[in-house]
Amino acid sequence: MREYLLRRLSLLTFMLFALSIFTFSLSYLFPGELLTNLSGLTNSNYTSTQLLEAKYKLNESLLQQYIAFLGRITHGDWGISLSSGENVFEHIRILFPATIELCVYALITSVVIGIPCGIISAVYHRRWPDNLISSVTMLGFSIPIFWLALLLIMTFCLTLGWFPMSGRIGLLFEIDAVTNFMLLDILLADFPYHGLAFQDALHHLALPTIVLAMYPTTVLIRFTRDSMLHVLEQNFIKTARAKGLSQAQLIIHHALRNALLPVIKQIGLQFSTLITLAMITEVIFSWPGVGRWLIDSIYQRDYPAIQGGLLAVSMFVILANMTAELSHSLLDPISRNKAHGKI
Amino acid sequence: MAKFKLYSEESNRSPLSRLWKKFKRNHPALVGLWIFMALLVLAVIAPVVSPYGINQQHSDALLLPPSWHDAGNVRFLLGTDDLGRDVLSRLMNGATYTFGLSVVAALITTFFGVILGTFAGLTRGIRSSFLNHLLDITLTIPSLLLAIIIIAILGPGLMNTVWAIVFALLPQHIHSIRNLVVQELNKDYITAFRLDGANQWYIIRRGIFPNIYEQIVVIFTMALSTAILDIAALGFLKLGAQPPVTEWGAILAENLGLIYIAPWTVGLPGVLLFLAVLATNLVGDGLRQVLKDRKAD
């Protein structure tokens, strides 16, 4: 186990190193003035240019510049956004919780719906529940999520008026941002309308969560179904059946445990897809998260912001994947023996 | 359950014709194949058969609903948008951009993916390990995010989108093809082949490729459905095709402001996108299922 952890840790270091190299090179790849891309300051005069050049070590070797870059990143100095003039890191700190909140609820929804559906589909293989679930999954798998979002907005917001169209909470409520997670903030806030505010926040959450959960749910259903079908064909299941176990005993005690192990890993891997899809969802529902901010930064050619946003999002994706793999190997001893880099 | 075969019928038909025979029995996949073909034909001949030009404006017919609606006009089968442009013509031409370019992007990806994947499959030792680490990193980043990063560097635009999608899909492709090649290389018949004195190139050409090209087609369909979704999503986010271009995602984004008064201008491009992705997925899934069934025979 220790060797395994060390190997994973070295891989993680390697990945973060590669990511930092990539982000570092971005400011050279982006069009525009290098100094502006790095600092986010435009129209600087001679003395300030001299100061900045000294700060970013532009006259020294690339290695020196890279070391300086690492130092800045770890100190939280991620440059200044060209469009807002504020610190990029501060933006990310405020906006990221909104995205994570949305992703976590979507992930929970997809796990709660996806895994049972996948199991049912495998247990009733090639009978009507399976056919129904598989067809619906195929439809959900193929639907472009921005179109799904628009359809839902058309029916539930414009025609029926059940849900609000944008934002995280109604303008009537003023919530102090403590953790930047809306539901937590409401609980922590100190005013008499907890219930109403909570309900309002849930109303705002409903549509984005459904839209975001659609794709991972279908992936989980398909994956669970395949994994379950694979396990149900194994010899130990046949033996158990020959012993005279009932179908329910067979599924609950023998098939599920083995079938759900790879699913756990898959759940973690969904996080990276979720973060990307969250960008589109946030744009449509005007959700004040890091995805919408990143897309806006691309429109505005706000290079320091793009760089910072990409670094934050990619780092998060890598860490989430690593956590998924670790938790998977904690539960499944066989997977630890696989040497890394071998497939 | 039990796999008894009471009458084991001898079947000497070629693998491909057995494949087609099984595929025909899967009706959804067959329907998917027909839609796929129709879209492919449309993508090629759309500029010739569309009733009006894509930017031809009819100032007498602004925001006309589809012709089955009471206020509709049969001249404009699917209605018009706010500039009086025929929605049908624009959507037909959209097939060239969204579907046609996706096919091109997926083909380019497959081409490079097969070459690089085969090389990756043949390398061993430290180079292979390094390559795998590199692939592992890029695999964890979803294709759309990677495409957005590349667009951020290259700048928005339709051709940039295609390149971005090719680059974004490539790691996944190389990985899958590498796996196929390695799997095939470990089989006994390849060892026998090698003992007979076959060189590397001969093993690849006569031993591996005839056995994996069907799988490559399946990988191609997966790449294609991702490519369609990504091109449309980037068009929708205004990072890909820019408005006068009739890319379906871009049409959707352009008409977003009309969602209240002209919902058909938003709904119809989405229907086509959905159909294109669905058809591709149906064909891919059907093919994968058939390959699995044929192996089981």
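Note that the coordinates shown come from a computational prediction; the quantities given were computed from them, not determined experimentally. (Residues numbered from 1 in each chain as written. Chains lettered and ligands numbered in written order. Predicted model: local features only at pLDDT ≥ 70, side-chain atom pairs only at ≥ 80, totals over all residues.)

A tally of regular secondary structure across chain B gives 10 helices and zero strands. Here chain B, with 297 residues, has 41% of them falling under the buried criterion. Expressed as a percentage of contacts within chain B between residues at least 6 apart in sequence, the contacts between residues at least 24 apart total 70%. (Helix = DSSP H or I, 4+ residues; strand = E, 2+ residues; numbered from the N terminus. Buried ≥ 20, exposed ≤ 12 C-beta atoms within 10 Å, placed from the backbone. Contact = placed C-beta atoms within 7 Å.)

Once that is clear, we can look at the nonpolar core. Grouped together as the largest cluster of nonpolar side chains are 146 residues, with contacts concentrated most on I145 of chain A together with I165 and I228 of chain B. I169, I186, A201 and L205 of chain A belong to the second-largest nonpolar core, a separate cluster that totals six residues. (Core = buried A, V, L, I, M, F, W, Y, C linked by C-beta atoms within 7 Å.)

Time to look at the interface of chain B and chain A. It is common to give the size of an interface as the accessible area lost on bringing the parts into contact. Taken together, the contacts link 31 residues of chain B with 32 residues of chain A. Contributions of two or more residues to the side of chain B that touches chain A are made by helix 4 (125-140), helix 5 (143-154), helix 6 (158-185), helix 8 (200-236) and helix 10 (263-296) of chain B. The element that contributes the greatest number of residues to the side of chain B that touches chain A is helix 10 of chain B, accounting for eight residues. Residue composition of the side of chain B that touches chain A, by class: 24 nonpolar, seven polar and no charged. (Nonpolar A, V, L, I, M, F, W, Y, C, P; charged D, E, K, R; others polar.)

Glancing now at the packing of helix 12 (residues 290-299) of chain A against helix 13 (residues 303-331) of chain A. For any two helices packed against each other, the geometry comes down to the angle between their axes and how far apart the axes lie. All names here are of chain A. Where helix 12 contacts helix 13, the two axes come as close as 9 Å, and the packing angle between them is 145°. As for how helix 12 packs across helix 13, the hand of that crossing is left-handed. Residues V290, W293, L294, S297 and I298 of helix 12 form the contact with helix 13, whose own contacting residues are A305, I306, G309, A312 and V313. Its residues placed into classes, the contact of helix 12 with helix 13 shows eight nonpolar, two polar and no charged. (Axes fitted to C-alpha atoms, helices over the stretch in contact; angles between N-to-C directions. Left-handed = near helix turned anticlockwise from the far one by under 90°.)

Turning next to the packing of helix 3 (residues 87-122) of chain B against helix 6 of chain B. Residue and element names in this part refer to chain B. Interaxial distance between helix 3 and helix 6 falls to 6 Å at its minimum, and their mutual angle equals 40°. In terms of their interaxial angle, helix 3 and helix 6 are classed as oblique. Relative to helix 6, helix 3 is oriented so that their crossing is right-handed. Looking at the contact of helix 3 with helix 6 residue by residue, the classes come out as 20 nonpolar, seven polar and one charged. (Parallel < 35°, antiparallel > 145°, perpendicular 65-115°, else oblique.)

Overall, the predicted model of chain B reaches an average pLDDT of 86, with 96% of residues at or above 70. Here the complex is predicted with pTM 0.87, and the ipTM for its interfaces comes to 0.85. (pLDDT = per-residue confidence, 0-100.)

Turning our attention to the domain arrangement of chain A. Residue and element names in this part refer to chain A. For chain A, the assigned domains read domain 1 (17-74) and domain 2 (88-340). Counting residues at the interface gives eight residues for domain 1, matched by eight residues for domain 2. Of all the elements, helix 1 (residues 2-29) adds the most residues to the side of domain 1 that touches domain 2, at four residues. Across the side of domain 1 that touches domain 2, the residue classes break down as three nonpolar, five polar and no charged. (Domains from an automatic or database assignment.)

Despite not being glycine, R126 of chain A shows a phi value in the positive range, around 60°. Inspection of the secondary structure assignment puts R126 of chain A in the loop between helix 5 (88-123) and helix 6 (128-142). Not every positive phi belongs to a glycine, and L63 of chain B is a case in point at roughly 50°. Mapping L63 of chain B onto the fold places it in the loop between helix 2 (27-49) and helix 3.

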